[in-house]
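Next come the chains, spelled out residue by residue.
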Amino acid sequence: MMNDFFTQEDFAEAADFIRHHTRYTPDVALILGSGLSSLAEAVTNPDVIPYEEIPHFPIPHVEGHAGRLVIGELEGWKVVVMQGRAHYYEGYSMQHLTLPVRVMHMLGAKTLVVTNAAGGLNPQFQVGDLMLITDHINLIGMAGLNPLRGPNDPALGPRFPDMSQAYDPVLRTLALRVAEKLELPLREGVYVCLAGPSFETPAEIRFLRVIGADAVGMSTVPEVIVARYSGMRVLGISGISNMAITEPVEGKQATHVEVLEAGRVLVPRLISLLRGVLRELDAV
Ligand code: HPA
């Protein structure tokens, strides 16, 4: 099943299952990245569905990804929150790991808020910073791994979707305004997606800087492509969990532990920002 293409019937089967297990029709979808799972605790009166129970859902097996769908209320909105996500490096196909986005769209979500933990490439960034994603570089996609590869059903989206404004300019302006009001520093930058799971070599980091990336990670871009294809508007936020290593230094290395630890600093900031954005979302 891992590399099969999925059809509208598969998406509908998953969506129907979820509909039968929740009281809510969500307006907003949220994907929580590595170490950010506890953000789902902000959701009130939740219906919780483990991914294992949902037909076709990819199940994350890495630490820091709970693997549950939390559907409830947040700042007056009905939200569907992915508490953890599956990654390409776990062995899932691009089509499979983006299936939840298609399903959340089918459930009624028109806005996708996507988060991740990312390595900081921009030398002005620090661990614990939030970065508003202004654009992305789909480095693995450029080499062929696009989640839209395969037969296209025109009822679901266009064969050649535009990506010139993948990250909604209105939502970005709103996020910046909210951050300013909260006196919460919010960086802006370009996110580059690699396959992982190995972290980058110093030479690769220098290359990623040269091509214009500010943060690097192993997720998000496939989901954003499918969301835009489906007609959803997207807000993307990276939490800088570690600074990329540009020169080999004895005793210095990137680890998943530091990524998860940074989550503890990032979560309260991200919660304030997302709550603020949701409070003002109907004004945009
Ligand atoms: N590189 C790639 N992915 C990541 C990193 C990193 O340094 N930090 C968190 N996700």
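Higher on the page you've got the structure.
What this report covers is the structure whose coordinates are included nearby.

Thresholds applied
- Residues numbered from 1 in each chain as written.
- Predicted model: local features only at pLDDT ≥ 70, side-chain atom pairs only at ≥ 80, totals over all residues.
- Heavy atoms only, no water.
- Helix = DSSP H or I, 4+ residues; strand = E, 2+ residues; numbered from the N terminus.
- Buried < 20%, exposed > 50% of the residue type's maximum accessible area, 1.4 Å probe, protein only.
- Contact = heavy atoms within 4.5 Å.
- Pairing = 2+ DSSP bridges.
- Right-handed = clockwise from strand over helix to strand, strands pointing away.
- Salt bridge = Lys/Arg side-chain N within 4 Å of Asp/Glu carboxyl O.
- Core = buried A, V, L, I, M, F, W, Y, C linked by side-chain atoms within 4.5 Å.
- Phe/Tyr/Trp six-rings, centres within 6.5 Å; stacked < 30°, edge-to-face > 60°.
- Axes fitted to C-alpha atoms, helices over the stretch in contact; angles between N-to-C directions.
- Parallel < 35°, antiparallel > 145°, perpendicular 65-115°, else oblique.
- Left-handed = near helix turned anticlockwise from the far one by under 90°.
- Nonpolar A, V, L, I, M, F, W, Y, C, P; charged D, E, K, R; others polar.
- Near = heavy atom within 4 Å.
- Polar contact = N/O pair within 3.5 Å; in protein donor to acceptor, adjacent residues only side chain to side chain.
- 1 Å grid on protein atoms, 1.4 Å probe; cavity = no way out; pocket = protein on both sides within 12 Å on 5 of 7 lines; lining within 4 Å.
- Sits in = over half its atoms within 2 Å of the grid points.
- Lys, Arg positive; Asp, Glu negative; His and termini not counted.

1. Comments concerning the overall build of the protein chain
(1) Moving on: Summing up its helical and strand segments, the protein chain has 8 helices and 9 strands in all.
(2) Moving on: Expressed as lengths along the three principal axes of its C-alpha atoms, the size of the protein chain is roughly 55 × 40 × 35 Å.
(3) Moving on: Within the span of the protein chain, comprising 284 residues, buried residues form 56% of the whole.
(4) Moving on: A separation threshold of at least 6 residues defines the contact pool for the protein chain, and within that pool the share at least 24 residues apart is 83%.

2. So, the environment of E250
(1) Moving on: Among the secondary structure elements, E250 is positioned in the loop between β9 (233-243) and α8 (256-279).
(2) Moving on: On the accessibility criterion, E250 (81% relative accessible area) is exposed.
(3) Moving on: Considered as a pair, E250 and F11 are 239 residues apart in the sequence and their alpha carbons are 48 Å apart.

3. Observations concerning the pairing of strand β7 (residues 186-193)
(1) Moving on: For β7, a buried count of 6 out of 8 residues is recorded, marking the element as mostly surrounded by other parts of the structure.
(2) Moving on: Where strand β6 (residues 130-137) lies against β7, 7 bridges are found, and the strand directions are parallel. Within the sheet, the bridge partner assigned to I133 lies in β7 and is G189.
(3) Moving on: The pairing of β7 with strand β8 (residues 215-217) spans 3 bridges and is parallel. If you follow C193 over to β8, its bridge partner there is G217.
(4) Moving on: Once the chain exits β7 it traverses helix α6 (residues 202-210) before rejoining the sheet at β8, and the crossover so formed is right-handed.

4. A short note on the pattern of salt bridges
(1) Moving on: Tallying each qualifying case throughout the model produces 9 salt bridges.
(2) Moving on: One salt bridge in this structure joins R19 and D16, with 2.7 Å as the shortest N-O distance. With a gap of 3 residues between them, R19 and D16 both fall in helix α1 (residues 8-19), about one helical turn apart.
(3) Moving on: On the accessibility criterion, D16 (37% relative accessible area) is partly exposed.
(4) Moving on: For E223, the salt bridge goes to R85, with nearest N and O atoms at 2.8 Å. Linking E223 in helix α7 (residues 221-229) with R85 in the loop between β4 (77-83) and α2 (94-97), this pair joins segments that are 138 residues apart in sequence. The residues E223 and R85 share a single accessibility class, namely buried.
(5) Moving on: Among the ionic contacts, a cluster of salt bridges with common partners joins E75, R275 and R279.

5. Here we look at the nonpolar core
(1) Moving on: In terms of nonpolar packing, the biggest core is built from 48 residues, with I18, I54, F57, L69, V103 and L112 touching the most fellow members.
(2) Moving on: Setting aside its immediate chain neighbours within four residues, I54 contacts A14, F17, I18, I49 and L69.
(3) Moving on: The next biggest cluster of nonpolar side chains, apart from the first, holds 34 residues, and it includes V28, L36, L235 and I237.

6. Considering the packing of aromatic side chains
(1) Moving on: All told, the structure shown has 1 aromatic pair when counted by the stated rule.
(2) Moving on: Residues Y51 and F57 carry aromatic rings whose centres are separated by 5.3 Å and whose planes lie at 55° to one another, so their mutual orientation is tilted. With respect to class, Y51 is no different from F57; both count as buried.

7. A word on the packing of helix α5 (residues 169-181) against α8
(1) Moving on: Relative to each other, α5 and α8 sit at 120°, their axes nearing to 9 Å. As far as their axial angle goes, α8 and α5 are oblique. Pair α5 / α8 crosses with right-handed handedness. The segment α5 lies against α8, with L174, A175, V178 and A179 engaging L273, G276 and V277.
(2) Moving on: Residues that form the contact of α5 with α8 fall into these classes: 6 nonpolar, 1 polar and no charged.

8. Re the site of the ligand
(1) Moving on: The ligand sits among A117, A118, G119, F199, E200, V216, G217, M218, S241, N242 and V259.
(2) Moving on: Take A117: an N or O atom from its main chain is 3.3 Å from a nitrogen atom of the ligand.
(3) Moving on: G119 places a main-chain nitrogen or oxygen 3.3 Å from a nitrogen atom of the ligand.
(4) Moving on: In this structure the site holding the ligand corresponds to the largest pocket.
(5) Moving on: Every element with two or more residues in the shell around the ligand is listed here: β5 (111-120), β8 and β9.
(6) Moving on: A per-element tally of the shell around the ligand places β5 first, with 3 residues.

9. Here we look at the side chain of D168
(1) Moving on: Within the fold, D168 resides in the loop between α4 (139-142) and α5.
(2) Moving on: At 5.1 Å, R233 is the nearest oppositely charged side chain to D168, a buried residue that forms no salt bridge.
(3) Moving on: A distance of 3.1 Å separates a polar side-chain atom of D168 from the backbone nitrogen of V170.
(4) Moving on: For D168, the contacting residues outside a window of four places in its chain are R233 and V234.

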